[in-house]
Amino acid sequence: MPVEITWWGHATCTIEDSGLRVLTDPLFARRLAHLRRRRGALPPPDAAVADAVLVSHLHADHLHLPSLASIAPGTRVLLPRGAPGAVPGLSRRLSHLRLVEVVPGDEVRVGELVVRVVSALHDGRRLPVGPHRAPALGFVVSGESRTYFAGDTGLFDAMADEVGEVDVALLPVGGWGPHLGHGHLDAGGAAVALSRIAPRSAVPVHYGTYWPIGMDAVRPHEFHAPGEEFVRHAARLAPQVAVHRLGHGESVRPEVTKGEPQ
């Protein structure tokens, strides 16, 4: 059975491959500090069902303790090395989970899947305070297909070499505020990354879900437009890649043959 990707919003996806479910950066909150979920219903309870969870970095919209606390006891959670010491209360609140600290280059087997850890160009600290004690990560999940989850990242020279040949790329194309800082991909940058990685299919993520309270009228295109802009840029820079722009809670079984876009 081919891989199936479900996008729950922001950077939260379920990758189903080889009969197993891998959940990325779970965020099941209606509100997070100054951010409010503006689009898409909250994921249903079964979104938290997973055989493994991947956490790309320590920012609260990617390592969200209440969401991780809802994961079933004994589930393996791969997270950046140093996270338990950098995030107050992490070990206590997640004592029911199997925490596995990883760095780029590590490989972890989950049943029939192999999860390979790759680099990301992003500030991995637990903000707004805290030393830089944990790297930001991406992951390649290999089973019947190979799926790259980029986490949060900017472009970097070694990206394509580290990621290698993949079938599907889950790429961030926006953010949660009117401006993207260093270490982020916007829609155009994500299309450049797509052209370098050259997967068979791609799904844009990390956009159009959360927005600061009281800032609805500030650069609203940065909330609404990144998905469509990524499709447009990808058609120009990587026309051989099938791009699947999902709605919240929608799933796709991406094509496995190049040149057959959705």
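Above: the structure in question.
Residues numbered from 1 in each chain as written. Predicted model: local features only at pLDDT ≥ 70, side-chain atom pairs only at ≥ 80, totals over all residues. Heavy atoms only, no water.

(A) The overall build of the protein, seen in detail. The helix and strand inventory of the protein stands at seven helices and 17 strands. In terms of overall size, the protein behaves like a compact globule, its C-alpha atoms giving a radius of gyration of 17 Å where 262 residues would be expected to give roughly 18 Å. The buried share of the protein, reckoned over its 262 residues, is 53%. For the protein, long-range pairs separated by at least 24 residues make up 66% of all intrachain contacts whose partners lie at least 6 apart in sequence. When the accessible surface of the protein is totalled, it reaches about 10700 Å², and 51% of it is carbon and sulfur. If you average the places of the 26 positive and of the 27 negative side-chain charges in the protein, the two averages end up 7 Å apart. (Helix = DSSP H or I, 4+ residues; strand = E, 2+ residues; numbered from the N terminus. Rg over C-alpha atoms; globule rule 2.2 N^0.38 Å. Buried < 20%, exposed > 50% of the residue type's maximum accessible area, 1.4 Å probe, protein only. Contact = heavy atoms within 4.5 Å. Areas by Shrake-Rupley, 256 points an atom, 1.4 Å probe, with all protein chains shown as cover. Lys, Arg positive; Asp, Glu negative; His and termini not counted. Charge placed at Lys NZ, Arg CZ, Asp CG, Glu CD.)

(B) Looking closely at the side chain of Thr-14. Along the chain, Thr-14 turns up in strand β2 (residues 12-17). The buried category is assigned to Thr-14, whose relative accessible area is 2%. Apart from the residues within four sequence positions on either side, Thr-14 is in contact with Glu-4, Ile-5, Thr-6, Trp-8, Arg-21, Val-22, Leu-23 and Ala-47.

(C) Seen up close, empty space enclosed by the protein. A complete count under the given rule lists one cavity of 30 Å³ or more for this structure. Approximately 30 Å³ is the volume attributed to the largest cavity. If you go around the largest cavity, the residues you meet are Gly-174, Gly-175, Gly-177, Pro-178, His-179, Leu-180 and Glu-222. Here the lining of the largest cavity is built from residues that sort into two nonpolar, four polar and one charged. (1 Å grid on protein atoms, 1.4 Å probe; cavity = no way out; pocket = protein on both sides within 12 Å on 5 of 7 lines; lining within 4 Å. Points joined across faces, edges and corners; volume = space filled by probe spheres on them. Nonpolar A, V, L, I, M, F, W, Y, C, P; charged D, E, K, R; others polar.)

(D) Inspection of the layout of surface pockets at higher detail. Here the largest pocket defines a volume of roughly 400 Å³. Around the largest pocket, the lining comprises 21 residues; the ones closest to its centre are His-34, His-59, Asp-61, Leu-127 and Trp-176. A breakdown of the residues in the lining of the largest pocket according to their chemical character gives eight nonpolar, 10 polar and three charged.

(E) The arrangement of the packing of aromatic side chains in detail. Scanning the entire structure with this criterion turns up two aromatic pairs. With a centroid separation of 5.6 Å and 75° between ring planes, the pair formed by Trp-211 and Phe-223 is classed as edge-to-face. Within this pair, whereas Trp-211 is found in strand β15 (residues 210-212), its partner Phe-223 is found in helix α6 (residues 221-224), the two being separated by 12 residues in sequence. Taking relative accessible area as the criterion, Trp-211 reaches 2% and is therefore assigned buried. (Phe/Tyr/Trp six-rings, centres within 6.5 Å; stacked < 30°, edge-to-face > 60°.)

(F) How the structure looks around helix α5 (residues 187-197). Those residues of α5 that fall on the buried side of the exposure criterion are Ala-187, Gly-189, Ala-190, Ala-191, Ala-193, Leu-194 and Ile-197. Each element contacted by the buried residues of α5 is listed here: β12 (146-149), α4 (159-163), β13 (168-172), β14 (201-205), α7 (226-237) and β16 (242-243). Between a side-chain oxygen at the N-terminus of α5 and the backbone nitrogen of Gly-188 the separation is 3.3 Å; the capping residue is Asp-186. Of the residues flanking the end of α5, it is Ala-198, one or two places downstream, whose phi is positive at about 55°. (Polar contact = N/O pair within 3.5 Å; in protein donor to acceptor, adjacent residues only side chain to side chain.)

(G) Here's a closer look at the nonpolar core. In terms of nonpolar packing, the biggest core is built from 52 residues, with Ile-5, Phe-139, Tyr-148, Leu-170, Leu-171, Leu-194 and Phe-230 touching the most fellow members. If one sorts the elements of this core by residue count, α5 sits on top with six residues. Core analysis: the second largest hydrophobic core is formed by 22 residues, Leu-79, Ala-86, Leu-90 and Ala-134 among them. (Core = buried A, V, L, I, M, F, W, Y, C linked by side-chain atoms within 4.5 Å.)

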